[in-house]
Amino acid sequence: MSRRRAQNKAAARRARQRRRQAKRLERQTQPRTFLHAITSGALALPGLADRASAESAPLEMRADYKYSQYSEDSLDSGKAAPGSERDRYEIDIHQFRFEAPVGDRWGVGLELAHETMTGATPWYVTPGATPADDPVQVMTGATIDEARTDAMLTGTRYLDRGTLSGSTGVSIENDYLAVNLGVNGERQFNEKNTTVSAGIGGSFDQIEPVDTDLFPTRPDKENKQTYNLSLGASQVLGRATTIQSSLKYQLSDGFLSDPYKLAFVANIPETDERPDQRHQFSWLTRFRHHFTRMGGTLHLDYKLGVDDWGINAHEFELAWYQTLFERIRLIPSLRYYSQSQADFYAPFYVGPRSDGYRSSDYRLSPYGAFAYRLKAAARFQTWQLLWDANVSFERYESASDLAIQSVEVENPGLVSYNLFSVGLTARF
Amino acid sequence: MRASVLLLAVVLLGAVGCESVRPWERDVLARTDMAWDPDPLESALEKHIEFSKEGSLDGGAAGGGGCGCN
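In this report, we go over the structure that sits alongside the text. Each chain has its residues counted from 1, running along the sequence as written. Naming scheme: in the order in which they are written, chains are lettered from A and ligands are numbered from 1. With the structure being a predicted model, the display of local features is reserved for residues of pLDDT at least 70 and the display and counting of side-chain atom pairs for 80 or more, all residues being used for whole-chain, interface and lining totals. Values reported for side chains reflect all heavy atoms of the structure, with hydrogen atoms and water molecules removed beforehand.

1. Description of the overall build of chain A
Runs of E in the DSSP output that reach at least two residues are strands. Runs of H or I that reach at least four are helices, and both are numbered from the N terminus. A count of helical and extended segments in chain A gives three helices and 20 strands. The 428 residues of chain A split such that 49% are buried. Pairs at least 24 apart in sequence give 60% of the contacts found in chain A among residues at least 6 apart. Method for areas: the Shrake-Rupley scheme with a 1.4 Å probe, in which residue coverage is limited to the protein chains shown. Surface accessibility of chain A: about 21300 Å² in total, with carbon and sulfur atoms responsible for 58%. Throughout this description, buried means an accessible area under 20% of the type-specific maximum (1.4 Å probe, protein chains only), exposed means over 50%, and partly exposed covers the range between. Should any heavy atoms of two residues lie within 4.5 Å, those residues are counted as being in contact.

2. Comments concerning helix α2 (residues 40-53) of chain B
Here the expected span of a helix is defined as 1.5 Å times the quantity of residues minus one. Taking 1.5 Å as the rise per residue, α2 of chain B with 14 residues should run 20 Å; its terminal C-alpha atoms sit 20 Å apart, in good agreement. Those residues of α2 of chain B not exposed but buried are Pro40, Leu41, Glu42, Ser43, Leu45, Glu46, His48, Ile49, Glu50, Ser52 and Lys53 of chain B.

3. Here's the deal with the packing of aromatic side chains
Residues and elements named next belong to chain A. A pair of aromatic rings is counted whenever rings of Phe, Tyr or Trp (Trp by its six-membered ring) have centres within 6.5 Å, and the orientation is called stacked for planes under 30 degrees apart, edge-to-face for over 60 and tilted otherwise. The final tally for this structure, using the stated rule, is 17 aromatic pairs over all chains. Residues Tyr124 and Phe264 carry aromatic rings whose centres are separated by 5.7 Å and whose planes lie at 5 degrees to one another, so their mutual orientation is stacked. Taken together, the positions of Tyr124 in strand β4 (residues 122-126) and Phe264 in strand β12 (residues 262-265) put the pair 140 residues apart, joining distant regions of the chain. Side by side, Tyr124 and Phe264 carry an identical accessibility label, which is buried. Counting every residue linked through ring pairs, the aromatic cluster contains Tyr302, Phe316, Tyr336, Phe370 and Tyr372. Against the face of Trp309 rests Arg278, its NZ or CZ located 4.2 Å from the ring centre. Sitting above the plane of the Tyr362 ring, Arg363 keeps its charged end 5.7 Å from the centroid. We call a charge positioned above a ring when the Lys NZ or Arg CZ atom is no farther than 6 Å from the ring centre and deviates by at most 35 degrees from the ring normal.

4. Digging into a nonpolar patch on the surface
Residues and elements named next belong to chain A. Together, Ile172, Leu177, Val179, Leu181, Phe204 and Tyr227 give the surface a local cluster of nonpolar side chains, amounting to about 500 Å² of exposed area. Per-element accounting of the nonpolar patch gives the leading share, three residues, to strand β8 (residues 176-189). Locating Tyr227 in the fold gives a position in strand β10 (residues 222-238). Residues enter patches when their relative accessible area tops 30% and they take part in no salt bridge; the joining distance is 9 Å for like charges and 5 Å for the nonpolar side chains Val, Leu, Ile, Met, Phe, Trp and Tyr. By convention in these notes, a salt bridge is any Lys or Arg side-chain nitrogen within 4 Å of a carboxyl oxygen on Asp or Glu.

5. Some details on the nonpolar core
Counting residues in hydrophobic clusters, the biggest one holds 18 residues, and the most contacted among them are Tyr70, Ile91, Tyr367, Tyr396, Tyr417 and Leu419 of chain A together with Ile49 of chain B. Only β2 (90-102), β18 (367-382) and β20 (417-427) of chain A together with α2 of chain B provide two or more residues apiece to this core. It is β18 of chain A that provides the largest number of residues to this core, a total of three residues. If we ignore the near neighbours within four places in the chain, the residues touching Leu419 of chain A are Ser68, Gln69, Tyr70, Ser392, Phe393 and Glu394 of chain A together with Leu45, Glu46 and Ile49 of chain B. Among buried residues, the Ala, Val, Leu, Ile, Met, Phe, Trp, Tyr and Cys ones that are joined through side-chain atoms within 4.5 Å form a nonpolar core. Within the second largest apolar cluster, seven residues are counted, among which are Ile311, Phe344, Tyr345 and Leu364 of chain A.

6. Points about the pairing of strand β14 (residues 277-291) of chain A
Residue and element names in this part refer to chain A. Any two strands are treated as partners once DSSP identifies two or more bridges connecting them. In the sheet, strand β11 (residues 241-254) pairs with β14 via 13 bridges, with the strands oriented antiparallel. From the neighbouring strand, Lys248 faces β14, where its bridge partner is Ser282. Alignment of β14 against strand β15 (residues 296-307), held across twelve bridges, turns out to be antiparallel. By the bridge assignment, Leu284 is partnered in β15 with Lys303. A loop of four residues connects β14 with β15, the two strands running antiparallel in sequence, and Gly295 in this loop sits at a positive phi of about 65 degrees.

7. Things to note about the pattern of salt bridges
Taken as a whole and judged by the stated rule, the model has 38 salt bridges over all chains. A salt bridge links Arg329 of chain A to Asp33 of chain B; the shortest N-O distance between them is 3.6 Å. One end of the pair, Arg329 of chain A, is in strand β17 (residues 328-339); the other, Asp33 of chain B, is in the loop between α1 (2-16) and α2, on a second chain. In this pair, the class of Arg329 of chain A matches that of Asp33 of chain B, namely buried. Linking Arg363 of chain A and Asp361 of chain A is a salt bridge whose minimum nitrogen-to-oxygen distance equals 2.9 Å. Here the salt bridges share partners, and the residues they tie into one network are Lys66, Arg373, Lys375 and Glu394 of chain A together with Asp39, Glu42 and Glu46 of chain B.

Next comes the structure, spelled out in C-alpha cells:
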C-alpha cells in the first residue's frame, strides 16, 4: 500500500515538473510580433534560450569539459641575468564541471581541475651591470615540475524568490593545501527585475615549502586564513539590457610572503617579507545589452580594486557575442588591466626598510596589461544530446608603459602568455 | 577615482530610469549570451590566472583557492 502511495507521489511530482517545464519553455519562446519572431529565430533553437542566471531550478543535467594550454613567453635576453634560465611556465589544464537538478527545488554542482606545470619562475631581481642599465631577473635554477588538483562541490536550494547555496572546495599541491567554504544567497524583487545577493566565505591554507634543506631560510610550515564578504545587486533596465554591481571585501591573515622568492637588499639576497595582514576591496560592475537586429550581445565590465598595501587596480573588459547562422557564435574580447605598486615593493633595495618589509615580486609592481581573445562556439544535436563545442585563443601582454600612471623602473619579471582552450558542453 | 564616481552615477541613473519587464517579456534576457558568465569553466580559469599573476582581488562571490605562488 505504502509502495503504491510512493509511486503515485513520484508520478505526481514528475507531472508537476513537466507542467512547469512546458510553461517555462512557452514563456521563453513565445513570439510577440512577426518581426520579433524573425529576429529571435535563434531563440527557438533548443538550448540557446536557456537560463541566463541561476534564478530557477535547473531542468536538465549539464556536463562541461575544457582543456587549456597556458604558455608564458621566455624572458628577453636583456631582462635576464647573465647565465640565468629564460624559459618560463607552461601549464596544461583539464577542467570538468557537472550540474544536475535534485528533485524540484535543489541543484548540485561539482567542479574539478587538474593542472600540471613545468618551467622556471622569477626568483629575485638584481641591479643592472651599470647604474644606467635596467635591473635584471634571476630565475629559479632548476625546472619545477608540479601538479595541482582542485575540487569544488556546490549545493543550491531554489526558493520562490531567490536561492540559497553553499559550497566547499579543496586545492592540493605537493607543498600547498587549501580548504574553502562559502555561503551565498539571492533574493529577487519587483517581478524578478531586481536581484540582491550576499555571500560570505573563508579559505584555510597551509604551505610546506620544498627543498628546505637546500634553502634553510625557507620556513618548514606556515598558515594563512582568508575571509571574504560580498554584496551585490542586479537590475533589469529593459527587455534586452541588464546591469549588475557588486562589492567584495577580503581579509587575509597569516603568512602572506612568498617562500620561493628573494629580495636583493644592499647586494644580498634576503627572504621575501610582507605584512601578515591585508585588507582588499573590489567593486565590479557588469553591463549586458543584446542588439536584436544585429544578433549580437555586448558585455562591458569594469572593476576597481583597492587594498591597504597600496595597490590600486582598474580593469576594463569588452566582449561582443555575435550569433551567426543560428548555431555559431564568434566572441572577440579585449581586457585592459592596470595596477599601482605595493608601498613596500621595489625591484631591489639599496638598504633595508625601517618596517622590515621587502618584496620584488612582479605581481606587486606597477604595470599595465592588454589581453586579446577570440572564441568560436558551435551548437549541434546528436545522440539526443545538445552539444556546444568551443575553441579560443588569448594573448596577454604586460609592460610598465601600459600602466595608467607613469612607472620609473619596470620589473623585468612581468609576464606575457598565450592561452589556448578547447571546450565541450553536453546537456541531457 | 573620478571615473568610478561617474560610473556609479550612470548605474544609479540607469536603475532609476529602467522599465519594468514582465515575466513573458524575458526571452532576450534569458539568452545564454546575456549571462554574467556564459562559460563557467572559462571564468573559473581566468579568475585563477588573474589571482596567480596579478596583484588585485577578483570581483566574484566568495570561494576559490590554491597557491598561485609561481
